[in-house]
Amino acid sequence: MIVPRTRLLLWISLIVLPFAAVGATVPGAAEISAVFIGGLGAVVLVDAFLSRGQLTGLRIQLPDVVRWQKDRPGVLEVRIHNDSLAARLLRIGFAFPREIVPETEDRTALLPANAALSRLEWPVTPNRRGQYFLEHAYLEAVSPFGFWAVRATQPARAELRVYPNLFEERKNVAALFLRRGQLGVHAQRMAGQGRDFEKLREYVPGDSYDEIHWKASAKRGRPVTKVFQIERTQEVYVIVDASRLTARELILKDSRTTALERFVTAALILGLAAEQQGDQFGLITFSDRVLSFVRAKSGQAHYDACRDRLYTLHPQSVTPDFDELCSFIRLRLRKRALLIFLTALDDPMLAESFARASQLISRQHLILVDMLQPIGANPLFSDEAVANVDDLYRRLGGHLQWNSLRELENVLRRRGVRLAQLDPEKLAAQLITQHAEVKRRQLL
């Protein structure tokens, strides 16, 4: 497709319009006007004919997969193949998704002569995580005389992956990642008893009857005691809720986000912490059904697989099905593991459903339920800033919600499930602290 450029319109205004007016008003000037107008028309037609080959031999190539982080500047590398090896001035544009903001809507590139390949870096800033695609590239070149712009559309496919921004979160929890034990010898008491068998030894007065190896004692004719070592490698599963309540907006100090966004970021940070502590990290996402399941492993490739499951996770307008989720966990996870639920239980119906369904897995696994602390859910007399009756009723509503969550916490505790209300600003750090406490006390 060709379209007129400003130069063509300018020449028409300088030649066609004046000479047409002169030819129509001045006697004997019609022939001269027709020559000038016809000459310009001939040049414009020849220029249009020659412009057909301006985009011939040009191909746009994009990377198959581009990885960026939310709210951090990135670069899209564009490769331009020029098979004709001729110098060209090329204008390029892409239909970026609205979640990805380019520095400029289009770019102009001067392709040098005798260069079969040219590279162009396109700065962009993604403002929402997720998976996006580019399908086409839009090209424009100038005709030899500059009267026409030749435009064409070429297929240029690229998968754009925008991951959560972990840079700020890792700075906030940097102190928790320090390996201080490598700088010297530090004695740290480990509470609890290990589960991994280490060796047999002679019986010592005071050993428990549960620790005696009866078969070995019968063979040797004297008591023999089993010795266990502290279990270092454990399985940790983060179970992320992507149902309707996780779509609620949160107002942080310097940004607005959603509960699910905080859950996704905290889960990835906890995965790094578990890897550092020598544990195996797994992932389950759910809404009204189980959306994804990644069995607990370790290593960079496994962490990338978990990240790929999370970066496309978005809230769904459905109610979570805890019964199906717990049945799935009961069938799939045979080994005892630490299960960290990131969900919202401030809805009484959902709280009752979770309390009932958790009985199916609470005896086999160690369950921690973490939810974001609801705004205003505090005891009635904890805040003195009550100025009128409306404030009083607002505090009363918060007190009823706080009391309901406290009762739920007591119910779950009796069933071996721990419920905690965490600060949205410090969610990742608090999750790491919880995991470290479980490791220290050997609760698993």
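None of the values given here were measured: they were computed from a predicted structure.

Here we come to the overall build of the protein. The secondary structure content of the protein amounts to 10 helices and 20 strands. The C-alpha atoms of the protein give a radius of gyration of 34 Å, which is well past the 22 Å a tight globule of 444 residues would have. Projecting the C-alpha coordinates of the protein onto the three principal axes gives extents of approximately 130 × 70 × 45 Å. Classification of the 444 residues of the protein by burial places 42% in the buried group. Looking at the protein alone, contacts between residues at least 24 apart form 73% of all its contacts between residues at least 6 apart. Total accessible area on the protein stands at roughly 24600 Å², and carbon and sulfur atoms take up 53% of it. Positive and negative side-chain charges of the protein, numbering 60 and 49 respectively, have mean locations separated by a distance of 7 Å.

Bringing the nonpolar core into the picture now. Counting residues in each nonpolar core, the largest one holds 39 residues, and the members touching the most others are Val-240, Leu-310, Leu-338 and Ile-340. Elements represented by at least two residues in this core include exactly strand 13 (235–241), helix 5 (259–276), strand 16 (280–286), helix 6 (300–310), strand 18 (338–342), strand 19 (366–372), strand 20 (417–422) and helix 10 (427–441). When residues in this core are grouped by element, the largest group, 11 residues, is from helix 5. Dropping the residues within four chain positions of it, Val-240 is found in contact with Leu-260, Phe-263, Ala-267, Leu-283, Ile-284, Thr-285, Phe-286, Leu-310, Leu-313 and Leu-342.

For the structure on display, the rule yields 10 aromatic pairs. Ring plane angle 70° and centroid distance 6.0 Å describe the contact between Phe-94 and Phe-96, whose orientation is recorded as edge-to-face. Summarising the burial analysis for this pair, Phe-94 and Phe-96 share the class buried. Residues Tyr-237 and Phe-293 carry aromatic rings whose centres are separated by 6.2 Å and whose planes lie at 10° to one another, so their mutual orientation is stacked. With Tyr-237 in strand 13 and Phe-293 in strand 17 (residues 290–297), this residue pair connects regions lying 56 residues apart in the sequence. Across the pair, exposure class does not vary: Tyr-237 and Phe-293 are buried alike. Each residue in the set Phe-286, Phe-322, Phe-341 and Phe-354 is aromatic and connected to the rest through ring pairs, giving one cluster. Between Arg-72 and the ring centre of Phe-167, over which it is positioned, the NZ or CZ distance is 4.5 Å.

Here we come to the sheet that holds strand 4 (residues 74–82). On the basis of which strands lie adjacent, the open sheet formed by 4 strands has the order 2-4-8-6 and antiparallel pairing. Single-partner strands in this sheet number two, and they are strand 2 (58–61) and strand 6 (100–102). The sheet shows a mean angle of 35° between the axes of neighbouring strands, taken without regard to direction.

Here the focus is the sheet that holds strand 13. Here we have 6 strands laid out as an open sheet, ordered 17-16-13-18-19-20, and mixed in their pairing. Unpaired on one side and paired on the other, strand 17 and strand 20 mark the two borders of the sheet. Direction aside, the axes of adjacent strands within the sheet are offset by 15° on average. Relative to strand 19, strand 18 is paired through 5 bridges, and the arrangement is parallel.

Structurally, Ser-292 can be placed in strand 17. At 2.5 Å, the side chain of Ser-292 and the side chain of Thr-285 are in polar contact. In this structure Ser-292 touches Leu-283, Ile-284, Thr-285 and Arg-309, once residues within four positions along its chain are discounted.

A separate point is the pattern of salt bridges. Inspection of the entire model under this criterion finds 22 salt bridges. The shortest N-O distance in the salt bridge between Arg-222 and Glu-202 comes to 3.1 Å. Pair noted here: Arg-222 is in the loop between helix 4 (214–220) and strand 12 (224–229) and Glu-202 is in strand 11 (residues 196–202), with a separation of 20 residues, a long-range link. Residue classification places Arg-222 among the partly exposed positions, given a relative accessible area of 40%. The shortest N-O distance in the salt bridge between Arg-307 and Asp-304 comes to 3.5 Å. With a gap of 3 residues between them, Arg-307 and Asp-304 both fall in helix 6, about one helical turn apart.

As for its position among the elements, Ser-317 is in the loop between helix 6 and helix 7 (322–332). Distance from Ser-317 to Tyr-209, taken between C-alpha atoms, is 55 Å for residues 108 residues apart in sequence.

Because each turn of an α-helix spans 3.6 residues, side chains separated by three or four positions in sequence point in the same direction. In this model, helix 1 (residues 6–25) (20 residues) spans 28 Å end to end at C-alpha, consistent with the 28 Å of a helix rising 1.5 Å per residue. The principal kink in helix 1, of about 35°, is found at Ile-12.

Two numbers describe a pair of packed helices, the interaxial angle and the distance between the axes. At their nearest, the axes of helix 5 and helix 10 sit 9 Å apart, and the two run at 40° to each other. One element, helix 5, and the other, helix 10, form an angle in the oblique class. The interaxial crossing formed by helix 5 with helix 10 has right-handed handedness. Contacts from Arg-262, Phe-263, Ala-266, Ile-269, Leu-270, Ala-273 and Ala-274 in helix 5 reach Leu-427, Ala-428, Leu-431, Ile-432 and His-435 in helix 10. Across the contact of helix 5 with helix 10, the residue classes break down as 10 nonpolar, 1 polar and 1 charged.

Take the confidence of the model for the protein next. Low pLDDT means the predicted coordinates in that region are not meant to be read closely. Averaged over every residue, the pLDDT of the protein is 86; the share at 70 or more is 91%. Every residue in residues 179–192 is under pLDDT 50, and counting partners more than four places away or in other chains gives 15 contacts.

Before going further, it helps to spend a moment on the pairing of strand 16. For strand 16, the buried fraction is high: 6 of the 7 residues fall into the buried class. In the sheet, strand 13 pairs with strand 16 via 7 bridges, with the strands oriented parallel. Looking at strand 16, one finds that Tyr-237 is bridged to Gly-282. In this structure, strand 16 lies alongside strand 17, joined through 5 bridges in antiparallel fashion. Looking at strand 17, one finds that Phe-281 is bridged to Lys-297. Once strand 16 ends, the chain turns through 3 residues before running back antiparallel as strand 17.

Rules behind the numbers
Residues numbered from 1 in each chain as written. Predicted model: local features only at pLDDT ≥ 70, side-chain atom pairs only at ≥ 80, totals over all residues. Heavy atoms only, no water. Helix = DSSP H or I, 4+ residues; strand = E, 2+ residues; numbered from the N terminus. Rg over C-alpha atoms; globule rule 2.2 N^0.38 Å. Buried < 20%, exposed > 50% of the residue type's maximum accessible area, 1.4 Å probe, protein only. Contact = heavy atoms within 4.5 Å. Areas by Shrake-Rupley, 256 points an atom, 1.4 Å probe, with all protein chains shown as cover. Lys, Arg positive; Asp, Glu negative; His and termini not counted. Charge placed at Lys NZ, Arg CZ, Asp CG, Glu CD. Core = buried A, V, L, I, M, F, W, Y, C linked by side-chain atoms within 4.5 Å. Phe/Tyr/Trp six-rings, centres within 6.5 Å; stacked < 30°, edge-to-face > 60°. Lys NZ or Arg CZ within 6 Å of the ring centre and 35° of its normal. Pairing = 2+ DSSP bridges. Axes fitted to C-alpha atoms, helices over the stretch in contact; angles between N-to-C directions. Polar contact = N/O pair within 3.5 Å; in protein donor to acceptor, adjacent residues only side chain to side chain. Salt bridge = Lys/Arg side-chain N within 4 Å of Asp/Glu carboxyl O. Expected span 1.5 Å × (residues − 1). Bend = angle between axes of the 7 residues up to and from the residue. Parallel < 35°, antiparallel > 145°, perpendicular 65-115°, else oblique. Left-handed = near helix turned anticlockwise from the far one by under 90°. Nonpolar A, V, L, I, M, F, W, Y, C, P; charged D, E, K, R; others polar. pLDDT = per-residue confidence, 0-100.

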